[in-house]
Amino acid sequence: MASKTILIKGGTLVTMNRERRIIKDGAILVEDGRITSIGKADEFGGEKADRVIDASGKYIFPGFINCHTHMFQVLLRDVAMDMVLLDWLKTSIWPSIRHLREEDIYIAAKLGIVENIRSGVTCIVDNQYPRNYEPSIRAMHESGIRGVLACGYYEINVPEDLRMDADKALKMCEEMIRRWHGRDEGRLRVCPAPMHPCFASKELLLKSKELADKYQTYLHVHTAESVKDVELLKQMTGKTDVEYLHELGILDERFHAVHAVQVSPEEMRLFASAHANIIHNPISNAYTGAGVAPIPEYLRLGCNVALGTDGPASGGNHDFLQSMKFTALIHKGFKRDPTVMKVSEILEMATINGAKALGMDGEIGSLEAGKRADLIILDLHKPHTVYVHDPIANLVYAATSENIETVIVDGEILMEDRRITYIDEEEVMAEASKVAERLMEKFSRRG
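### Looking at the sheet that holds strand β8 (residues 64-69)
The strands making up a sheet are joined through hydrogen bonds of the backbone, oriented either antiparallel or parallel. If you walk across this open sheet you meet the four strands as β8-β9-β10-β11, and the pairing is parallel. Only two strands of the sheet have a single neighbouring strand rather than two, namely β8 and β11 (188-194). Pairs of neighbouring strands in the sheet enclose a mean axial angle of 15°, with direction left out of account. Here four bridges tie β8 to strand β9 (residues 121-128), and the two strands are oriented parallel to one another. The residue of β9 that forms the bridge with Thr69 is Asp126. The strands touched by helix α4 (residues 166-180) are β10 (146-153) and β11; relative to β11, the strand with the most contacts, the crossing angle is about 170°.

Right, dumping it as structure tokens:
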């Protein structure tokens, strides 16, 4: 936890506060990990700070919130492509899990964190399998990133070695909650995450909800992702994902409907009436051919929509800026209407809406006095972004990870002048390459 003061002076502040105020030539004072003052630079007098960062000519945004990924998949880029979702899982993702050791997951998580930081992400929701829980959250703890470990588990309709007894799965998840939830002054959180409704019994889904309620945390579930997984649940229950979850009383304001692609208008209204959160992963949905989630309709119904990259095995990377731009473009193209998604909505999905999904909009998601100091500094003086008419449009349509200069979480500088501070980036890349090569050798022998 930070015990120092940082004064960021100059630059344009895109606050994302209730008024969506943009402050030119602004300043932010950070003390002990929180923003204590924010305003015009000329309003700041003789404030003393341990660090002064000159952001003149630059842009300061709230840090981005990546509400869904699987960081271990940094080891599986390009392992499987051109497949529908269930085939992709059965032929590539599930077999690879058998060969991953705890130290492999730890290295993968560190690399995933580096990738996220480089694209301006200050908070990550990492959906993991049981053997991956501990190394993943340990990497988040050591790196300084804000993180949520979503404890994923399968019970039915999967290979034998992936199945978990319901009681054992819940016990493991609760142990992780007791050990890690709220640690590092709230920087780390944990939640249950049955992987899909079609891979869990009614009892496991209900007990997962009970566990989430007990600790006032989230229930993070792949929901209505593709036609085939919805069909599988219908064969089991006679109902779609959303109908089934609604009937069980599982949908509420702490429910994360990850993907939510294959839905009817009535199912969208069920999400809205329950105040459930939609976690949009547009690149992954396109990669697996799952479809295009009806995000404009969700927004018009008043649903809280947040954004995720999903794992690199179904999207290539953790570049959050790519996900933002893709979100803007795919819906315009799909609807043949350039007005259907606005850049302001994209930025909201990336920041304050992500904070709302985590129940943390009083702590993160905007630049305001009293909130945690999770923020990023962008240098837009680059050939592809030079001269800014509208900073939000420039961010969504033109900026790349190259523009992200500084990343701060809880008042700690995790990247400065594009140099990662808490992780040895070169060492992690070298170690990850060795692990990935070993995995590919095993895949080759299997083939």
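So, next bit.
### Notes on the sheet that holds strand β12 (residues 219-223)
Ordered by their spatial adjacency, four strands build an open sheet running β12-β13-β14-β15, and the pairing between neighbours is parallel. The open sheet has two edge strands, β12 and β15 (304-307), and neither has a second partner. Neighbour-to-neighbour, the strand axes of this sheet turn through a mean angle of 30°, independent of strand direction. Note that strand β13 (residues 255-259) and strand β14 (residues 277-280) share three bridges and pair parallel. Directly across from His256, in β14, lies its bridge partner Asn277.

### Details of unusual backbone geometry
At Arg20, a position not held by glycine, the phi torsion is positive, near 55°. Note that Arg20 resides in the loop between β2 (12-14) and β3 (22-23). With a phi angle near 90°, His259 is a residue other than glycine that sits in the positive phi range. Tracing the chain through its elements places His259 in strand β13.

### Concerning helix α12 (residues 320-335)
The terminal C-alpha atoms of α12, which comprises 16 residues, lie 23 Å apart, in line with the 22 Å expected from a rise of 1.5 Å per residue. Listing the buried residues of α12 in full gives Phe320, Leu321, Ser323, Met324, Thr327, Ala328, Ile330, His331 and Lys332. Its side-chain oxygen at 3.1 Å from the backbone nitrogen of Leu321, Asp319 defines the N-terminal cap of α12. After α12 finishes, the residue Arg336 shows a positive phi value of roughly 55°.

Analysis parameters
Residues numbered from 1 in each chain as written. Predicted model: local features only at pLDDT ≥ 70, side-chain atom pairs only at ≥ 80, totals over all residues. Heavy atoms only, no water. Pairing = 2+ DSSP bridges. Helix = DSSP H or I, 4+ residues; strand = E, 2+ residues; numbered from the N terminus. Axes fitted to C-alpha atoms, helices over the stretch in contact; angles between N-to-C directions. Contact = heavy atoms within 4.5 Å. Expected span 1.5 Å × (residues − 1). Buried < 20%, exposed > 50% of the residue type's maximum accessible area, 1.4 Å probe, protein only. Polar contact = N/O pair within 3.5 Å; in protein donor to acceptor, adjacent residues only side chain to side chain.

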